[in-house]
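Below are the chains, spelled out letter by letter.
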Amino acid sequence: MRGTMAGMRLWDLASSELYRRRQDRQSGTDSLLNSRADPAGILGNMSDALANAICQRCQARFDPSERIVNSNGELYHENCFVCAQCFRQFPDGLFYEYEGRKYCEHDFQMLFAPCCGACGEFIIGRVIKAMNNNWHPDCFRCELCDVALADLGFVKNAGRHLCRPCHNREKAKGLGKYICQKCHLIIDEQPLMFKNDSYHPDHFNCVHCGKELTAEARELKGELYCLPCHDKMGIPICGACRRPIEGRVVNALGKQWHVEHFVCAKCEKPFLGHRHYEKKGLAYCETHYNQLFGDVCYNCSHVIEGDVVSALNKAWCVNCFSCSTCNIKLTLKNKFVEFDMKPVCKKCYERFPLELKKRLKKLSELASRKAHPKSVDLNSA
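Below is a summary of the structure that appears in this document. (Residues numbered from 1 in each chain as written. Predicted model: local features only at pLDDT ≥ 70, side-chain atom pairs only at ≥ 80, totals over all residues. Heavy atoms only, no water.)

1. Points about the state of the cysteines
Evaluated as defined, the whole model comprises zero disulfides. Unpaired in terms of disulfides, C116 finds its nearest cysteine sulfur in C119, a separation of 3.8 Å. For the unlinked cysteine C323, the closest cysteine sulfur is that of C326, found at 3.6 Å. (Disulfide = S-S within 2.5 Å.)

2. Structural notes on helix α7 (residues 286-293)
Residues of α7 that are buried: H288, Y289 and N290. The inward-facing, buried residues of α7 contact β17 (277-279) and β18 (282-284). (Buried < 20%, exposed > 50% of the residue type's maximum accessible area, 1.4 Å probe, protein only. Helix = DSSP H or I, 4+ residues; strand = E, 2+ residues; numbered from the N terminus. Contact = heavy atoms within 4.5 Å.)

3. Considerations on the pairing of strand β1 (residues 68-71)
The two faces of the sheet receive side chains in turn, since in a regular strand these alternate between them. Of the pairings in the sheet, the one linking β1 to strand β2 (residues 74-77) comprises four bridges and is antiparallel in character. Residue pairing for β2: I68 is matched across the bridge by H77. With antiparallel pairing between neighbouring strands as the criterion, β1 and β2 make up a hairpin whose turn holds two residues, including N72 at a positive phi of roughly 55°. (Pairing = 2+ DSSP bridges.)

4. Things to note about a nonpolar patch on the surface
A contiguous nonpolar patch, built from Y98, M110, L111 and F112 and spanning about 370 Å² of accessible area, is present on the exposed surface. Along the chain, F112 turns up in the loop between α4 (105-111) and β5 (128-130). The partly exposed category is assigned to F112, whose relative accessible area is 32%. (Patch = residues over 30% accessible without salt bridge, like charges linked within 9 Å, V, L, I, M, F, W, Y side chains within 5 Å. Areas by Shrake-Rupley, 256 points an atom, 1.4 Å probe, with all protein chains shown as cover. Salt bridge = Lys/Arg side-chain N within 4 Å of Asp/Glu carboxyl O.)

5. Considering the packing of aromatic side chains
Inspection of every chain in the model, using the stated rule, returns 17 aromatic pairs. With 5.0 Å between their ring centres and 70° between their planes, F81 and F90 make a pair best called edge-to-face. The exposure class of F81 is buried, given its relative accessible area of 12%. Residue classification places F90 among the buried positions, given a relative accessible area of 8%. (Phe/Tyr/Trp six-rings, centres within 6.5 Å; stacked < 30°, edge-to-face > 60°.)

6. Digging into the pattern of salt bridges
Opposite charge on two side chains permits them to pair, given that their charged atoms come into close proximity. This structure, assessed with the given rule, holds five salt bridges. Residue E74 pairs with K102 through a salt bridge whose shortest N-O separation is 3.3 Å. Of this pair, E74 sits in strand β2 while K102 sits in strand β4 (residues 101-103), and the two are 28 residues apart along the sequence. The residue R126 makes a salt bridge to D151 at a minimum N-O spacing of 3.3 Å. Taken together, the residues span a long stretch of sequence, with R126 in the loop between α4 and β5 and D151 in the loop between β6 (133-135) and β7 (155-157) at a distance of 25 residues. Judged by its relative accessible area of 46%, R126 falls in the partly exposed class.

What is shown is where atoms sit, not what they do.
Take a look at the structure:
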């Protein structure tokens, strides 16, 4: 260490820069102390400045012993630094300045701060102006899904502010159309139904061949196939929902059906293996088939659910077509006579009084003449 110091060159201390800075600092401190004792120094100048200053509000001078409020270079008496509306001092010194006047928080909100259209509270800070109202950013939300709209934008729909997906869904509902669950736009053409949701078909490709799909695509085990690829797999298609049948198949009306989709055309209840009746390409349960297309029995007034007996210009149940006197069952092969618009068997007719039989015979002849009138020969007349 000594050898190192011997090789160094020593400079005069008075010529050192560090020494001069320290000396200047010391001389400045001494001059400040001297000025405090000197009435013509710095404090004297400050006293003169305050003596000439006036309050910004009342324009009066300040007392040397009172407290002074300095707000951005403006001087106030402590009692003069108050709200321009209520003339009270500012709580915790907090104030709001607007057009050169200072207000406490309460009066500033009452006079200038807008109220939120949702929560009714004053809005301090960012204001969303929409739908002829003011909103907190977090209060301005879609009226259907409740998503915040401040940074997403909104669409006016029937007096409501909605996000774009909800607007598209409402518009599609009004037009009777589907909304794509992927792009959230209206589907103008036939939709592709996948997992009970609607989509634009061109959002998907066939799992087997990779071609862009159409609305005729088929879903199988959670995957989508184009119609040709699906048909090659030999899977039946339901005649109602047009989707593949992976379980039990009902073969009827020349088509194949899901068990739960093969239903009565009138009441729409599934047959579930019960008998059905076909009429003009539609299937009906027994009750509604008879109501719509069956004959009504003249005797019991019920729809005839089996064979129909047509006699005396009326329809009868097989069990209801019987002698009105002895109730013996009749068929069209038996001989019977009409009495009081009902059939009477031959045995019961033979027991009728002679006068009644003559009257019935005369009525029968008159009915026969009306049904088959004779032609009149003009020459003989």
